[in-house]
Amino acid sequence: MQVQFARPGEPWDGALALGVYEERRMPARTAEFDASVDRLLARAMEASRFAGKAHQMLTVFTPRGRVVLYGLGSGEDTDDLWCQKAGGTLVAALADSGEARLTVVLEERDEAGLDAAGRAAHVGYGSLLRSYRFDKYRTTQKEEDRPSLQQVTLELEGADAARELFRELEAVAGGVFLARDLVSEPPNVLYPASYAERLQNLSNHGVEVSVLDEQAMTELGMGALLGVGQGSAKESRIVLMEWRNGADDDPPVAFVGKGVCFDTGGISLKPAAGMEAMKWDMGGSATVAGVMQALAARKARVNAIGAVGLVENMPDGNAQRPGDVVTSMSGQTIEIINTDAEGRLVLADVLWYVKDRYKPKFMVDLATLTGAMLVALGEENCGYFANDDELATRIADAGRAVGEGVWRMPLGDGYNRMMDSDIADVKNAGPRNAGSITAACFLERFVDGCPWSHMDIAGMAWASKDAPTVPKGGTGWGVRLLDHMVRTCYETPPA
Ligand code: BES
Ligand code: MN
Ligand code: ZN
């Protein structure tokens, strides 16, 4: 779907969205339109329960075409997130309506006196985010089952300013879409080698992409990651993505992603029901790829590293066993208790490698790591852990700003001790209770004191229902949050 900006007065066709304040108060442009259609809008409101409450909608067919009245509430709360939600809600309402075009008419000043450019850009952003579809594998879909809406036009005097603001948001949406695409791909198509190949595309945006194959990992001593991929016919990979656009001597920020392209559980095999969901066990890595694309596409003034560990967790005659002991790149030995606790094994080697090789300012890892996190927080919030309070606060602030909820969870020595092994330095699975926390404690043993946060996105990578700016399916969760955190905390100001 296309988003564009136009000044009032240009001819339009298709549907029109017009705002209404609460108690059915019509802003100037809405009232003007109403006068031209013999008060049809006012009469339709009176005949319905539509009162202009925030995000309420009423469709009215007028001689000048379909009009969607959109509730603005008091008009005082229309911040960025409000506007994104409005754009997404309108797109969802009109996607299958038969209309190909929607023009959204913005008041030049809102109730707070702010001009329309920022609002328009964020309405456009929300509509774009909601319009995402993954239908490359639907070959028999009939034309009438495809969405009709092709284009959203934001109409305002400051169209040029809005278009300018939108450019950066569109770059971020591109990163979100990349992450959603990757998460949605089936596991026979997206496996470590094909995934690594696909990430080469990031070089089109100026990201330097390099790949470690199994031989390179063996030489580095990455026994933890390699053990996970051992039962798979597919070779494992690590992909490193570097975006350098900050000061030469400025240490990079680093994002690390779990990329388990399919998680059967291995020898500790998962039950059959719902196992297809484990194609999105690479959601953390998809977010990392999406963030790297977003940063590069908007030319963020920062040095950033993205690193993803790509493996497939399969059971076969060569698969890792419960009871095995592997040696990680850090030198620490790990007793395998449960081969289904594989994500942390992958991250252990990637975190250590990134810390060792890049000496980053901080590392944030993202992983669909534990079912226990879904039990704790559902699909509402991402549970995250941090060994650094400043980093933790910045993550929370960014989450609030972009509407991606996070909730900090504890680390601690008591939990950490639960991961001590009887025969090795550490074990990969502890008791059932506090499963998300002990997983985080396991990871902390592989960051060597580097400022670090672990985001367990088990509940976030895939949505079971539509949200205003996120259609159900792969969400691309975290791209917006991390992009925003970089933008507000780590970019060097323009010279
Ligand atoms: N990928 C799963 C976690 C998961 C489960 C993510 C459901 C999303 C939805 C992970 O590899 C896993 O299997 N974790 C185990 C760990 C346990 C064996 C210690 C779990 O959560 O049961
Ligand atoms: Mn698993
Ligand atoms: Zn997993």
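Above this note sits the structure.
Residues numbered from 1 in each chain as written. Chains lettered and ligands numbered in written order. Predicted model: local features only at pLDDT ≥ 70, side-chain atom pairs only at ≥ 80, totals over all residues. Heavy atoms only, no water.

Asker: Let's hear about unusual backbone geometry: which residues, and what values?
Answerer: Of note in this structure, Asp38 is not a glycine but carries a positive phi near 60°. Of note, Asp38 is situated in the loop between helix H1 (28-36) and helix H2 (40-46). Although it is not a glycine, His55 sits at a positive phi angle of roughly 70°. For His55, the position within the fold is in the loop between H2 and strand E3 (57-62). (Helix = DSSP H or I, 4+ residues; strand = E, 2+ residues; numbered from the N terminus.)

Asker: Help me get a handle on the sheet that holds strand E8 (residues 237-244), residues and values and all.
Answerer: The strands making up a sheet associate through hydrogen bonds between their backbones, and the pairing can be parallel or antiparallel. Sheet architecture is open: eight strands sit in the order E7-E8-E10-E9-E13-E17-E14-E15, paired in mixed fashion. Unpaired on one side and paired on the other, strand E7 (208-212) and strand E15 (406-408) mark the two borders of the sheet. Mean inter-strand twist for the sheet, computed between neighbouring axes without regard to direction, equals 20°. Direction of pairing for strand E13 (residues 362-367) relative to strand E17 (residues 452-456): parallel, over a ladder of five bridges. Bridge assignment links Ala367 to a residue of E17, and that residue is Asp456. (Pairing = 2+ DSSP bridges. Axes fitted to C-alpha atoms, helices over the stretch in contact; angles between N-to-C directions.)

Asker: Talk me through the coordination of the zinc ion (ligand 3); I want residue IDs and the actual numbers.
Answerer: Bound to the zinc ion (ligand 3) on the protein side are Lys258 (NZ), Asp263 (OD), Asp281 (OD) and Glu342 (OE), at distances that span 1.9 to 2.4 Å. Classification of the site at the zinc ion (ligand 3) rests on its six donor atoms, whose angles at the metal span 78 to 174°, yielding the label octahedral. Here the donor residues of the zinc ion (ligand 3) are spaced in sequence according to K-x4-D-x17-D-x60-E. Between the zinc ion (ligand 3) and the manganese ion (ligand 2), a separation of 3.1 Å is found, and both are coordinated by Asp263. Assigned by exposure class, Lys258 and Asp263 land together as buried. (Donors = N, O, S within 2.8 Å, 3.2 Å for Na, K, Ca; no water. Tetrahedral: all angles 85-135°; square planar, octahedral: opposite > 155°, others 65-115°. Buried < 20%, exposed > 50% of the residue type's maximum accessible area, 1.4 Å probe, protein only.)

Asker: Could you give an account of helix H5 (residues 159-184), with specific residues and numbers?
Answerer: Its 26 residues give H5 an end-to-end C-alpha distance of 35 Å, which sits within 8% of 38 Å, the value for a rise of 1.5 Å per residue. For H5, the principal kink sits at Arg167 and spans about 30°. (Expected span 1.5 Å × (residues − 1). Bend = angle between axes of the 7 residues up to and from the residue.)

Asker: Would you mind going over the pattern of salt bridges in detail, with residue names and values included?
Answerer: Per the stated rule, a full pass over the model turns up 36 salt bridges. Of the charged contacts, one joins Arg487 and Glu168 as a salt bridge, the two residues approaching to 2.7 Å between their closest N and O atoms. Residue Arg487 is found in helix H15 (residues 479-489), and its partner Glu168 is found in helix H5; the two are separated by 319 residues along the sequence. Since its relative accessible area comes to 32%, Glu168 is described here as partly exposed. Measuring nitrogen to oxygen at the nearest pair gives 2.9 Å for the salt bridge that ties Lys270 to Asp340. (Salt bridge = Lys/Arg side-chain N within 4 Å of Asp/Glu carboxyl O.)

Asker: So what about the coordination of the manganese ion (ligand 2)? Which residues, and what values?
Answerer: Around the manganese ion (ligand 2), the protein supplies Asp263 (OD), Asp340 (O), Asp340 (OD) and Glu342 (OE) as donor atoms, at distances of 2.0 to 2.2 Å. One can describe the site at the manganese ion (ligand 2) as irregular: its six donor atoms subtend angles covering 71 to 167° at the metal. Mapped onto the polypeptide sequence, the residues donating to the manganese ion (ligand 2) form the spacing pattern D-x76-D-x1-E.

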